[in-house]
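# Architecture at a glance
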Amino acid sequence: MHRGKGMKFVGDSRISANSKPFIPKDYSEYPGKTEAFWPNFLLKEWLVGAVFLVGFLCLTAAHPSPLERIADPTDTAYIPLPDWYFLFLYQLLKYTYASGPYNIVGSIIIPTLAFGGLLLAPFLDRGPERRPAKRPFATGFMLLAIAGVVFLTWQSVYYHDWDKAASQGKIVEGVAIDKEAGGYKALEANTCLSCHGAELTGGAGPALIDTGHTADEIKDIAKNGTGGMPAGIFKGSDEELEALAEFLANLSAK
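Below: a short report on this structure. The model shown is predicted, which means the values in this text are computed figures rather than measured ones.

A word on the packing of helix 8 (residues 215-224) against helix 9 (residues 238-249). Contact pair helix 8 / helix 9: the axes reach a minimum separation of 8 Å and the direction vectors enclose 125 degrees. Overall, the two elements helix 8 and helix 9 adopt an arrangement that is oblique. At the point where helix 8 passes helix 9, the crossing takes the right-handed sense. Of helix 9, the residues touching helix 8 (which contributes Ala215, Ile218, Lys219, Ala222 and Lys223) are Leu241, Glu242, Leu244, Ala245, Glu246, Leu248 and Ala249.

Here we take up the layout of surface pockets. To find leftover empty space, one rolls a probe the size of a water molecule over the atoms. As a volume, the second largest pocket reaches approximately 860 Å³. Looking at the second largest pocket, it is lined by 25 residues, and the ones nearest its centre are Ala114, Gly117, Leu118, Phe141 and Ala145. Every element with two or more residues in the lining of the second largest pocket is listed here: helix 2 (87-92), helix 3 (103-124) and helix 4 (136-159). Split into classes, the residues belonging to the lining of the second largest pocket amount to 21 nonpolar, two polar and two charged.

Applying the stated rule across the entire model yields eight aromatic pairs. With centroids separated by 5.4 Å and ring planes inclined at 80 degrees, the aromatic side chains of Trp84 and Tyr85 adopt a geometry described as edge-to-face. Take Trp84: its relative accessible area is 66%, and that puts it in the exposed class. Where Tyr184 meets Phe247, the ring centres are 6.4 Å apart and the plane angle is 75 degrees; that geometry is what we call edge-to-face. On the criterion of sequence distance, the pair formed by Tyr184 in helix 6 (residues 182-189) and Phe247 in helix 9 is long-range, its members being 63 residues apart. A connected cluster of aromatic rings, assembled from ring pairs, spans Phe151, Trp154, Tyr158 and Tyr159.

Before going further, it helps to examine the packing of helix 6 against helix 9. Taken N-terminus to C-terminus, the directions of helix 6 and helix 9 make an angle of 115 degrees; their axes are 7 Å apart at the nearest point. Taken as axis vectors, helix 6 and helix 9 run roughly perpendicular relative to one another. Crossing geometry of helix 6 relative to helix 9 is assigned as left-handed. Residues Gly182, Gly183, Tyr184, Ala186, Leu187 and Ala189 of helix 6 form the contact with helix 9, whose own contacting residues are Glu240, Ala243, Leu244, Phe247 and Leu248. Residues of the contact of helix 6 with helix 9, tallied by class, amount to eight nonpolar, two polar and one charged.

This part is about the environment of Tyr184. Since its relative accessible area comes to 3%, Tyr184 is described here as buried. Here the alpha-carbon distance between Tyr184 and Ala243, two residues 59 residues apart in the chain, equals 8.4 Å.

So, about the side chain of Thr153. Within the secondary structure, Thr153 is located in helix 4. At 2.7 Å, the side chain of Thr153 forms a polar contact with the backbone oxygen of Val149. The contacts of Thr153, once residues within four sequence positions are left out, are Trp84, Leu87 and Phe88.

Rules behind the numbers
- Residues numbered from 1 in each chain as written.
- Predicted model: local features only at pLDDT ≥ 70, side-chain atom pairs only at ≥ 80, totals over all residues.
- Heavy atoms only, no water.
- Axes fitted to C-alpha atoms, helices over the stretch in contact; angles between N-to-C directions.
- Helix = DSSP H or I, 4+ residues; strand = E, 2+ residues; numbered from the N terminus.
- Parallel < 35°, antiparallel > 145°, perpendicular 65-115°, else oblique.
- Left-handed = near helix turned anticlockwise from the far one by under 90°.
- Contact = heavy atoms within 4.5 Å.
- 1 Å grid on protein atoms, 1.4 Å probe; cavity = no way out; pocket = protein on both sides within 12 Å on 5 of 7 lines; lining within 4 Å.
- Points joined across faces, edges and corners; volume = space filled by probe spheres on them.
- Nonpolar A, V, L, I, M, F, W, Y, C, P; charged D, E, K, R; others polar.
- Phe/Tyr/Trp six-rings, centres within 6.5 Å; stacked < 30°, edge-to-face > 60°.
- Buried < 20%, exposed > 50% of the residue type's maximum accessible area, 1.4 Å probe, protein only.
- Polar contact = N/O pair within 3.5 Å; in protein donor to acceptor, adjacent residues only side chain to side chain.

And the structure:
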């Protein structure tokens, strides 16, 4: 703007002579629509936070965390499951193109491209429109990302073996085991302890304490297998099998 057009300057500094310092707006001109941060607003925030905190404490007391047994580095059969918000990445690593020799693709490259695109979205889509229908590319990519996350999460939940997961980390109380008993010797001789643990509290296989099976059921499982245990693992004699079955049928933590 040129001189003489309604503006006054101080010398050649180009500072308006009638400029005023920045003064925050006086919100008192909006009666009933504002309140003081301290103590009014902050007190309300504290009250709401206290209600949620008490609610969480009640839930924690009523439903304790389902803790598992102490981590065993020798148990290579244990399958950890991430929290729900990482299930889609967990599922992605199960596919051929993102696992095995291509593990770096599923663990680094694909997540980096996805989250990098999300970070760059404000710079790539700089249009003034805010309605989704007026932003087809941004809306399309966002819907595609949401659909992908939902689908992968559903796949992970649907195909996960929840029964096996519930048993593999189960806390089993230890009991005083007679390691000189014939049944224990039969377990040791047939390499059963490598899967079920020296204390029979489980490892690659389930715990053998309080199985709930009868002696005949245990003999059938030892011969024919069950679940992840194949048939033919037990190669001992009938006398060893009888001693093993009676030993495990009577093994209880109570």
